[in-house]
Every structure is written in C-alpha cells, then in structure tokens.
Amino acid sequence: MAAYYAGVDVGGTRIKMGLFSDKGELLEKWEIPTNTEDNGDHILSEIVDSIEERRAIHGGNIKGIGVGIPGPITDEGVVLKCANFGWGVFNVKNAVADLTGVGNVRVSNDANVAALGEMWKGGGRGYDSIVMVTLGTGCGGGIIYKGKVLTGSRGAGGEIGHIKVEWDETERCGCGNKGCLEQYVSATGIVRMAKKGLRKDSCLASRDSITAKDVFDGARAGDSYCMEIVERFGMYLGTALSNVAHVMDPEAFVIGGGVSAAGQIILDTAQKYYKENSMYALQGTQFHLAELGNDAGIYGAVRMVLF
C-alpha cells in the first residue's frame, strides 16, 4: 500500500498543502481558506479533513504530517500564542496526532520551515547550514544548522527582522521596539524610507502610490534617489546578516519573499555591506535567491517528517 506524507503551510488567510511520495516527490498541491472563527478552533480539523480527502482519492496511508505555523513553536510542538488565529498556548503536534492517528507529526515556525524547504529543494541546495531571510510585508528568518531547524529555547529562533539596526529611529516597529531591520528591508519598510525624504527630481515623485518594486526599478534605471534608498536597504540588510554570521557562521544566505523578485540588485547591495562588516573567515559566505516561492513551506514541512 502506498505511503504518503503531507506538508502544511498555515498562513493568515490561506493554508497551502502538498501530498508527497515517500521519495519526496510532490504529487499534488492545493489550498484552503484559513478559518479564524472561534479563535481558530476549526483550523486543525479542517486541515486534517482536507488531507483525508486527498488521501482517499490517491489511496494508501498518511505516514507523516509536517506543519508550519506563523508564530513561535517549541521543539515539542507547543505554539506560544498566535495572534493571527487567536490561539493561546497549546501543543499543535499532539492535537494533529490525536485528530489523525498519525504518530509522525512535526511542527515548526513557518519561516524556519520555508528555510528547510529551500535548503532541500531550492536556493540552498548543496548546503546543510543556511540562513533564509524572507522579505515581504515584514521580514522573517529561518535558521538551518547541519540540516536541522534551529528554533531556540522558546521557539523564537530566527527572528532576524527584529535585530536592531538603527538607534535614531522614532517610529515603532510592529513588535513594539524601534529601529528593527524589518522597518527598512521589508516591502513596507522600503516604501516608508522612500516616502520619508522623497525628492522632487525622483521618478517616484510623480506616482500616486509607491511600491518596493518601483524603488528597485528606479535604481536600475539610474534614478539617484532610488539608488540611495537601495543603498540604504543594502547597508541595513548586509550589516545585519554580518552580525548573524558572526554568531552562526552559515554556509549561505538565501533571500526570498516578494521583495526578492527584484533579483540580483538585492544580492549585490547586501553582499557589499556584508563583506565590509565581516571578519576574514566569513568572507566566503554565499548569497542566493530563493527558488521555491510559495511552495517553500510545504516542501520544508514535509522534509521534517521524511528524514
């Protein structure tokens, strides 16, 4: 009888899922809405029901389920509150195991899971120690050390977006602090920087709204103001990653999220400041763009239970 493994990436509005063979081949992927009613009480049961529907179509048995959750998760699978869903503190791993009867269940933070997926099948292939940085609406991070997710003692390992990089900041980050990396390198952070000192001679000045893509496009086209913003972006990101490297010494950094669509300009600017601020032994750390896009989470989730 065929053995299948399920990878689940739980997002704030959609839950991405994939059914994999025991060789790690993606057989099918699909999504369902994230039902946050009743403080998220229905989320896990609806995930289980959806997996069972697909298993029934394919036949065989589910031998493992990996789940990525957007919040701090301990190694034991305990979520330490997830405000997006209204979850308090409870053991997600045990809850999924109880609902399915599957003993092989692993749960981790979604950014760490995405990092594991990129190490396995994406931009981090060939390495076993990487740091992934996700630049989207916010800035997330995932740390993989010798093939294992590094969660930290409270499940908050990899919160790279909240490294303090600016001491003169007056506006607060979403975490409550000031001067966090997220305030300068996320999509919203890049736009915030661009609007703050916008010059009339910039191509951005005539736009009704500004996006991070506009800033990078302007820099590539030679707009001096956009180039300044991108340079500042690279300074913050490269310096922060240098600090991370001095603690963790990864083989590579993998940069993903919507902002990473800007491509090589991100690697070039971040790497410039990384090298300026890193000791000799760390100069060879590689920089890559992520390759799996929105599928990184399901690949990483299933990787946790396959090996």
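For clarity, every value in this text was computed on a predicted model and none was experimentally measured. (Residues numbered from 1 in each chain as written. Predicted model: local features only at pLDDT ≥ 70, side-chain atom pairs only at ≥ 80, totals over all residues. Heavy atoms only, no water.)

Some points on the sheet that holds strand β3 (residues 26–33)
Consideration 1: The five strands are arranged β3-β2-β1-β4-β7 in an open sheet whose pairing can be described as mixed. In this open sheet, the two strands that pair with only one neighbour each are β3 and β7 (105–109). The average angle at which neighbouring strand axes cross in this sheet is 15°, direction not considered.
Consideration 2: In this sheet, β7 lies alongside strand β4 (residues 61–69) in parallel orientation, the contact comprising five bridges. Across the sheet, G68 pairs through a bridge with S108, a residue of β7. (Pairing = 2+ DSSP bridges. Helix = DSSP H or I, 4+ residues; strand = E, 2+ residues; numbered from the N terminus. Axes fitted to C-alpha atoms, helices over the stretch in contact; angles between N-to-C directions.)

Here we look at the packing of aromatic side chains
Consideration 1: Considering all chains together, one arrives at ten aromatic pairs under this definition.
Consideration 2: One aromatic cluster is present, built from ring pairs that chain together F20, W120, Y299 and F307.
Consideration 3: Taking the ring centre of W120 as reference, the NZ or CZ of K121 above it sits at 4.9 Å.
Consideration 4: The ring centre of W167 lies 5.9 Å from the NZ or CZ of K164, which sits over that ring. (Phe/Tyr/Trp six-rings, centres within 6.5 Å; stacked < 30°, edge-to-face > 60°. Lys NZ or Arg CZ within 6 Å of the ring centre and 35° of its normal.)

Overview of the sheet that holds strand β9 (residues 139–145)
Consideration 1: A sheet is described by the order of its strands in space; here five strands give the open sequence β10-β9-β8-β11-β12, paired in mixed fashion. Both edges of this open sheet fall to β10 (148–149) and β12 (286–289), since each of them pairs with a single strand only.
Consideration 2: Relative to β9, strand β8 (residues 130–135) is paired through six bridges, and the arrangement is antiparallel. Along β9, the bridge assignment pairs V131 with I143.
Consideration 3: Relative to the sheet, helix α4 (residues 110–121) contacts β8, β9, β10 and β11 (252–256), its axis offset from that of β9 by approximately 55°. (Contact = heavy atoms within 4.5 Å.)

Structural notes on the environment of M235
Consideration 1: Summarising the element assignment, M235 is placed in helix α8 (residues 224–248).
Consideration 2: Separated by 38 residues in the primary sequence, M235 and Y273 have C-alpha atoms spaced 5.4 Å apart.

So, the pattern of salt bridges
Consideration 1: If you walk through the whole model with that rule in mind, you get 17 salt bridges.
Consideration 2: E228 is paired through a salt bridge with R199; the nearest N and O atoms lie 3.0 Å apart. Highlighted residues: E228 in helix α8 and R199 in the loop between α6 (187–196) and α7 (212–220), separated in sequence by 29 residues.
Consideration 3: E228 gets classed as partly exposed once you look at its relative accessible area, which sits at 43%. (Salt bridge = Lys/Arg side-chain N within 4 Å of Asp/Glu carboxyl O. Buried < 20%, exposed > 50% of the residue type's maximum accessible area, 1.4 Å probe, protein only.)

Quick look at the side chain of S202
Consideration 1: In this structure, S202 sits in the loop between α6 and α7.
Consideration 2: A residue is classified by how much of its surface remains accessible, and S202, at 6% relative accessible area, is buried.
Consideration 3: Of note is the side chain of S202, whose polar atom sits 3.1 Å from the backbone nitrogen of L204. (Polar contact = N/O pair within 3.5 Å; in protein donor to acceptor, adjacent residues only side chain to side chain.)

A few points about the environment of R220
Consideration 1: Tracing the backbone shows R220 in helix α7.
Consideration 2: The class of R220 is partly exposed, set by a relative accessible area of 46%.
Consideration 3: Between the alpha carbons of R220 and A262 there is a distance of 9.8 Å; along the sequence they are 42 residues apart.
Consideration 4: Here R220 is in contact with A262 and I265, once residues within four sequence places are set aside.
Consideration 5: Looking at R220, its side chain comes within polar contact range of the side chain of D217, at 2.8 Å.

Concerning the packing of α6 against α8
Consideration 1: Running from N to C, α6 and α8 point in directions that differ by 135°, and their axes come no closer than 10 Å. In this view, α6 runs oblique relative to α8, as classed from their interaxial angle. The way α6 lies across α8 gives a crossing that is right-handed. When α6 is examined against α8, the residues I190, M193, A194 and K195 are found in contact with a partner set consisting of Y225, I229, R232, F233 and Y236.
Consideration 2: Here the residues of the contact of α6 with α8 are counted per class, giving seven nonpolar, no polar and two charged. (Parallel < 35°, antiparallel > 145°, perpendicular 65-115°, else oblique. Left-handed = near helix turned anticlockwise from the far one by under 90°. Nonpolar A, V, L, I, M, F, W, Y, C, P; charged D, E, K, R; others polar.)

A look at α8
Consideration 1: In a regular helix each residue adds 1.5 Å, so 25 residues correspond to 36 Å; α8 covers 35 Å between its end C-alpha atoms and thus fits that length.
Consideration 2: Where α8 begins, the side chain of D223 points an oxygen toward the backbone nitrogen of Y225, at a separation of 3.0 Å. (Expected span 1.5 Å × (residues − 1).)

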